[in-house]
Number of protein chains: 2
Amino acid sequence: MAYLSKLSRYATNPIEEDDAIAERLEHRGKGIIRLNKGDPAVYFPTPDYIKRAYVRAIMQGKTGYARPGGARELVDAVIARYRRMYGLGLDGDDVVVTQGVSEALYMLNSALLDPGDRAILFKPYYTQYVPYVGLAGGREYLLDYKESLGWGIDVDELDRRVRKLKHKARIKYLMVTNPNNPTGTVLGRSTLKSVVELANEHGITLVSDEIYDEIVYNGAKFTSVATLAKGVPHVILNGASKDFDATGFRIGFAIVPGDDAKSASLKRKIADFASVRVSANAPAQYAVAEGMNNRKEHAKAIRSMVREIEERVNFAVKLLGENQYLETVRPQGAFYIFPKVDLKALKFKSDKEFVDAFLKSEYVQLTRGSGFGSPGHIRIVSLPPKGELEAAITRLNEFCNKEA
Amino acid sequence: MAYLSKLSRYATNPIEEDDAIAERLEHRGKGIIRLNKGDPAVYFPTPDYIKRAYVRAIMQGKTGYARPGGARELVDAVIARYRRMYGLGLDGDDVVVTQGVSEALYMLNSALLDPGDRAILFKPYYTQYVPYVGLAGGREYLLDYKESLGWGIDVDELDRRVRKLKHKARIKYLMVTNPNNPTGTVLGRSTLKSVVELANEHGITLVSDEIYDEIVYNGAKFTSVATLAKGVPHVILNGASKDFDATGFRIGFAIVPGDDAKSASLKRKIADFASVRVSANAPAQYAVAEGMNNRKEHAKAIRSMVREIEERVNFAVKLLGENQYLETVRPQGAFYIFPKVDLKALKFKSDKEFVDAFLKSEYVQLTRGSGFGSPGHIRIVSLPPKGELEAAITRLNEFCNKEA
């Protein structure tokens, strides 16, 4: 008789799977360049005005449980942000504050998935979508972002595949990530509109992970699904981690703007899940509220961070272009680069073997593309300053030349 | 076709179920005395030295993701605390930092329970044990803490019931809460020893929720299961919320001290679950580490809080003694009182009806005993200062006299 549960096998995180190797190397005195975790706060200090608001909340004694669905101040700040940025008229009940987008994913999947129910995801996906689907007993159904379309969506294929799948299985939701992790692609308005119409036609709830919505560059324009999906049940996932450079606060939110029956029951259920675990970190919520409400300080902080990220990403893409074994779609958002690796020419059996060998030989930690559902790729976090990025990519290029 | 998942019906929290009624009354200008949530930070400000450590961590920029299983500083502080207080020799791998004990419960249940697997709980139980068992697909098997034994355990009955249950179902764990929420009972060393032996004999993992381990009074003595269970797979749940008066930090931990095969696979799996959600709140972890490491400040804070809690609880119990419709076992730990209510004499059909009517008529929010698995009782949080407790209990006593 097995001691651990069957579903617990889904509890994994490919982004962290080499952390133990990296730690061992560090104990042996090797300096590791970590390009695996997408943590802006390591390279861009969390803005002072947010830290000061956090400190204020603590010193004012806001250290007890917060309201389960989120401190009113933060819920109001989220509503104001969405009115300002996207012209939405959200109610307090539409917003639930979560412990990072992770917890929102847990709540969403647990709320919707019965055993065997399908969640349609596009690959490459953010690694953690799949564990949460699996842990809830559901099954992911994978479609492709098309590398040949700059990691865009082939809407006709989506339509065909959904029609076929509908006869075999219950589809509970369809998820897009925009801007995308790991590809950095920003989906266009017309593509999103088609996806919304399709979700509507097939009666599928649409989920849009928009955690990088303010980290957009290289001329791209971001469109929130919320501005297109009126009347269609949909969920927007977002949080403070990336736009507000506050990963360690663990403050995310799930927004369900609709008034239809499905949306109404889903938002109530997500609030129920919030009540189960009583509260998210309380003082951090006040900090994030100030992060959003202080528009002047935020504009300064985000502009400067995005400008810097754009430069670093483009710098890294250029260096990667010198590597004949890699092929890279230029990102327009987030801060990842997701090159295709010519593993055959490099004589590696898998991307896993490649990133492990590269870590052990060159002390740079990347993440294997198969962790995102796209074998034969690698994800490079392009947040470090140019000097560090240059060191890491130079090692990567030399490593490839050596192995070929 | 149902939109929400079947298991999502378990997402409830009886402690908060009347919050909406209370909020409505407040909007109508009624002042509510809330004796439903066990939040010490509302009445005892989180100690200054802990708040200052929290502020330091923020200003030092510890605002990025922490290590998934917990910042090393906090893991080391937990190890030192358990060495000091209970003579344990824990390793770093034995401790996983969680987002409150809630998340530890989620991880534990998800790691162990397949559909239909049993978790043995004693009632009255902390309300949230059951949702986490149900959400993981498991089933609780309920035994009684015996009110006639001061809410103690009848070990012979436990033995009999486990023998019977073993033939019908897979028992994955047996959980005790010590000191108990909602009864305030502190289990004796010899009872715990018998429970440990029984778990060992039947090969059942023992879980001990010891979140109130320093909040013990009225002459009781606390024994950690960890000091008795060497060689028996066991899990200790604890955190910063109660002993360190820091509920809103959301810092808990799961400790799996054993080296046997079950313990080894369980602690690895809990760490896997931690990696799934990347990180708990980072700066709060440094604050809790200081909370534990600064023994002098902690001793001062906990002594003064426990002395005050003891007085308030005893004061409330005495006032409740004037009510002929209530019968109360005097607590020795935590800060709850759990009287039996003579609903029949009071002509209420259920404890739910009773607490709702009391809230609406007297503006005091309690929690129904059925939420803890023990209908016909009410839970009273005895944290407020005596004046507030007196006002609330006087209203309760008058309400009962009026209704009888």
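J.: Honestly, the overall build of chain A in this entry has me stumped. Any pointers?
T.: Secondary structure summary: chain A contains 13 helices and 15 strands in total. Computed over C-alpha atoms, the radius of gyration of chain A comes to 21 Å, within 12% of the 22 Å expected from 2.2 N^0.38 for 404 residues, which places it in the range of a compact globule. With the principal axes as the frame, chain A shows a C-alpha extent of 60 × 55 × 55 Å. Looking at chain A as a whole, 65% of its 404 residues are labelled buried. Per element, the accessible surface of chain A, about 14500 Å² overall, is 48% carbon and sulfur.

J.: Would you mind showing me how to read the relation of the copies chain A and chain B here?
T.: Turning one copy of the chain about an axis and sliding it along that axis gives the other copy, so a rotation and a shift relate them. For the pair chain A and chain B, the superposition axis carries a translation of 0.0 Å, the fit reaches an RMSD of 0.0 Å, and the rotation angle comes to 180°. Accordingly, the operation relating the two chain copies is best matched by a two-fold axis. Across chain A, the smallest distance between a C-alpha and the rotation axis is recorded for Val55(A), namely 2.7 Å. A shared interface surface links the copies, since 100% of the contact residues of chain A are contact residues in chain B too.

J.: I'm lost on the pairing of strand E3 (residues 118-123) of chain B in this one. Help?
T.: Residue and element names in this part refer to chain B. Counting buried positions along E3 yields 5 of 6 residues, so the element is predominantly enclosed. The sheet contact formed by E3 and strand E4 (residues 139-146) spans 6 bridges and is parallel. Within the sheet, the bridge partner assigned to Leu121 lies in E4 and is Leu142. In terms of handedness, the path from E3 via helix H5 (residues 129-135) over to E4 forms a crossover that is right-handed.

J.: Whenever I open this one, the packing of helix H6 (residues 155-168) of chain B against helix H7 (residues 189-202) of chain B confuses me. Can you help?
T.: Residues and elements named next belong to chain B. With their axes 10 Å apart at the nearest point, H6 and H7 run at an angle of 15° to one another. Looking at the two axes, H6 sits roughly parallel to H7. Handedness of the H6/H7 crossing: right-handed. Judged by residue contacts, Val155, Leu158, Asp159, Val162, Arg163 and Lys166 of H6 engage Thr191, Ser194, Val195, Leu198, Glu201 and His202 from H7. Tallied by class, the residues present in the contact of H6 with H7 amount to 5 nonpolar, 3 polar and 4 charged.

J.: Could you clarify how one ought to interpret the sheet that holds strand E11 (residues 336-337) of chain A in this entry?
T.: By definition, the strands of a sheet pair up through backbone hydrogen bonds, in either a parallel or an antiparallel sense. Strand order in this open sheet of 3 strands is E11-E15-E14 (chain A), and the pairing throughout is antiparallel. A single partner strand is all that each edge strand has here, and the edge strands are E11 and strand E14 (367-368) of chain A.

J.: I would appreciate a short explanation of the interface of chain A and chain B in the present structure.
T.: Quoted interface sizes are often the accessible area lost when the parts come together. The interface is formed by 70 residues belonging to chain A together with 70 residues belonging to chain B. Interface area, chain A with chain B, both sides summed: about 5800 Å², of which 56% is carbon and sulfur. When the buried surface of chain A facing chain B is broken down by residue, Tyr3(A), Tyr65(A) and Val276(A) rank first, second and third, together holding 15% of it. Our enumeration of links across chain A and chain B arrives at 4 salt bridges. Inspection of the region where chain A meets chain B yields 39 residue pairs in polar contact (both at pLDDT 80 or more). Here the element with the most residues in the side of chain A that touches chain B is helix H8 (residues 261-276) of chain A; it accounts for 8 residues.

J.: What is the right way to read the confidence of the model for chain A from this model?
T.: In this model, chain A carries an average pLDDT of 97, and 100% of its residues clear a pLDDT of 70 or more. Confidence estimates for the predicted assembly give a pTM of 0.98 and an ipTM of 0.98.

J.: Could you clarify how one ought to interpret a positive patch on the surface in this entry?
T.: Taken together, the side chains of Arg24(A), Arg28(A), Lys30(A) and Lys360(A) present a region of like positive charge at the surface. Residue placement: Arg24(A) occurs in helix H1 (residues 19-27).

J.: What's the story with the nonpolar core in this structure? I'm lost.
T.: When a protein is soluble and globular, its nonpolar side chains tend to lie buried together. In this structure, Tyr173(A), Phe354(A), Leu396(A), Tyr173(B), Phe354(B) and Leu396(B) are the most contacted members of the largest nonpolar core, which totals 284 residues. Discounting chain neighbours no more than four positions away, the residues touching Leu396(A) are Leu320(A), Asn323(A), Leu326(A), Phe354(A), Phe358(A), Leu366(A), Ile378(A) and Ile380(A).

J.: Hey, could you run me through the sheet that holds strand E7 (residues 205-209) of chain B in this one?
T.: Residue and element names in this part refer to chain B. Reading across the sheet, the 8 strands line up as E2-E9-E8-E7-E6-E3-E4-E5 and stay open at both edges, with mixed pairing between neighbours. Sheet topology places strand E2 (95-98) and strand E5 (152-153) at the edges, where each strand pairs with a single neighbour. Sheet analysis places strand E8 (residues 234-239) next to strand E9 (residues 252-255), joined by 4 bridges and oriented antiparallel. Across the sheet, residue Ile236 finds its bridge partner in E9, namely Ile255. Seen against the sheet, H6 touches E3, E4, E5 and strand E6 (171-177) and runs at an angle of roughly 160° to E4. Docked against the sheet, helix H8 (residues 261-276) engages E2, E7, E8 and E9, running at close to 30° with respect to E2.

J.: In this structure, what is going on with the environment of Thr247(B)? I would like to understand it.
T.: In this structure, Thr247(B) sits in the loop between E8 and E9. Linking Thr247(B) and Ala41(B), residues 206 residues apart in sequence, is a C-alpha distance of 6.6 Å. Residues within four places of Thr247(B) in sequence aside, it is in contact with Thr63(A), Gly64(A), Tyr65(A), Gly38(B), Asp39(B), Pro40(B), Ala41(B), Ser241(B) and Lys242(B).

J.: Hey, could you run me through the packing of helix H10 (residues 295-321) of chain A against helix H13 (residues 386-403) of chain A in this one?
T.: Two quantities define a packed helix pair, namely the angle between the helix axes and the distance between the axes. Residues and elements named next belong to chain A. Contact pair H10 / H13: the axes reach a minimum separation of 10 Å and the direction vectors enclose 20°. Taken together, the axis directions place H10 and H13 in an arrangement best described as roughly parallel. In the crossing of H10 with H13, the sense of the turn from one axis to the other is right-handed. Of H13, the residues touching H10 (which contributes Glu311, Arg312, Phe315, Ala316, Leu319 and Leu320) are Lys386, Leu389, Glu390, Ile393, Leu396 and Asn397. The class makeup of the residues in the contact of H10 with H13 is 7 nonpolar, 1 polar and 4 charged.

J.: Explain the packing of aromatic side chains here, please?
T.: The description of an aromatic ring pair rests on the distance of the ring centres and on the angle between the ring planes. Using the criterion set out here, one finds 34 aromatic pairs over all chains in the structure. On the numbers, 5.7 Å between centres and 75° between planes, the contact of Phe338(B) with Phe372(B) is edge-to-face. One end of the pair, Phe338(B), is in the loop between strand E11 (336-337) and strand E12 (340-341); the other, Phe372(B), is in the loop between strand E14 (367-368) and strand E15 (378-381), with 34 residues separating them in the sequence. With respect to class, Phe338(B) is no different from Phe372(B); both count as buried. Among the aromatic side chains, those forming a connected cluster through ring pairs are Tyr54(A), Phe249(A), Tyr54(B) and Phe249(B). The ring of Tyr286(B) is capped by Lys62(B), whose NZ or CZ atom sits 4.4 Å from the centre of that ring. Residue placement shows Arg81(B) over the ring face of Tyr82(B); its charged tip is 5.3 Å from the ring centre.

What counts and how
Residues numbered from 1 in each chain as written. Chains lettered and ligands numbered in written order. Predicted model: local features only at pLDDT ≥ 70, side-chain atom pairs only at ≥ 80, totals over all residues. Heavy atoms only, no water. Helix = DSSP H or I, 4+ residues; strand = E, 2+ residues; numbered from the N terminus. Rg over C-alpha atoms; globule rule 2.2 N^0.38 Å. Buried < 20%, exposed > 50% of the residue type's maximum accessible area, 1.4 Å probe, protein only. Areas by Shrake-Rupley, 256 points an atom, 1.4 Å probe, with all protein chains shown as cover. Least-squares fit on C-alpha atoms with pLDDT ≥ 70 in both. Contact = heavy atoms within 4.5 Å. Pairing = 2+ DSSP bridges. Right-handed = clockwise from strand over helix to strand, strands pointing away. Axes fitted to C-alpha atoms, helices over the stretch in contact; angles between N-to-C directions. Parallel < 35°, antiparallel > 145°, perpendicular 65-115°, else oblique. Left-handed = near helix turned anticlockwise from the far one by under 90°. Nonpolar A, V, L, I, M, F, W, Y, C, P; charged D, E, K, R; others polar. Buried area = accessible area lost by both parts, 1.4 Å probe. Salt bridge = Lys/Arg side-chain N within 4 Å of Asp/Glu carboxyl O. Polar contact = N/O pair within 3.5 Å; in protein donor to acceptor, adjacent residues only side chain to side chain. pLDDT = per-residue confidence, 0-100. Patch = residues over 30% accessible without salt bridge, like charges linked within 9 Å, V, L, I, M, F, W, Y side chains within 5 Å. Lys, Arg positive; Asp, Glu negative; His and termini not counted. Charge placed at Lys NZ, Arg CZ, Asp CG, Glu CD. Core = buried A, V, L, I, M, F, W, Y, C linked by side-chain atoms within 4.5 Å. Phe/Tyr/Trp six-rings, centres within 6.5 Å; stacked < 30°, edge-to-face > 60°. Lys NZ or Arg CZ within 6 Å of the ring centre and 35° of its normal.

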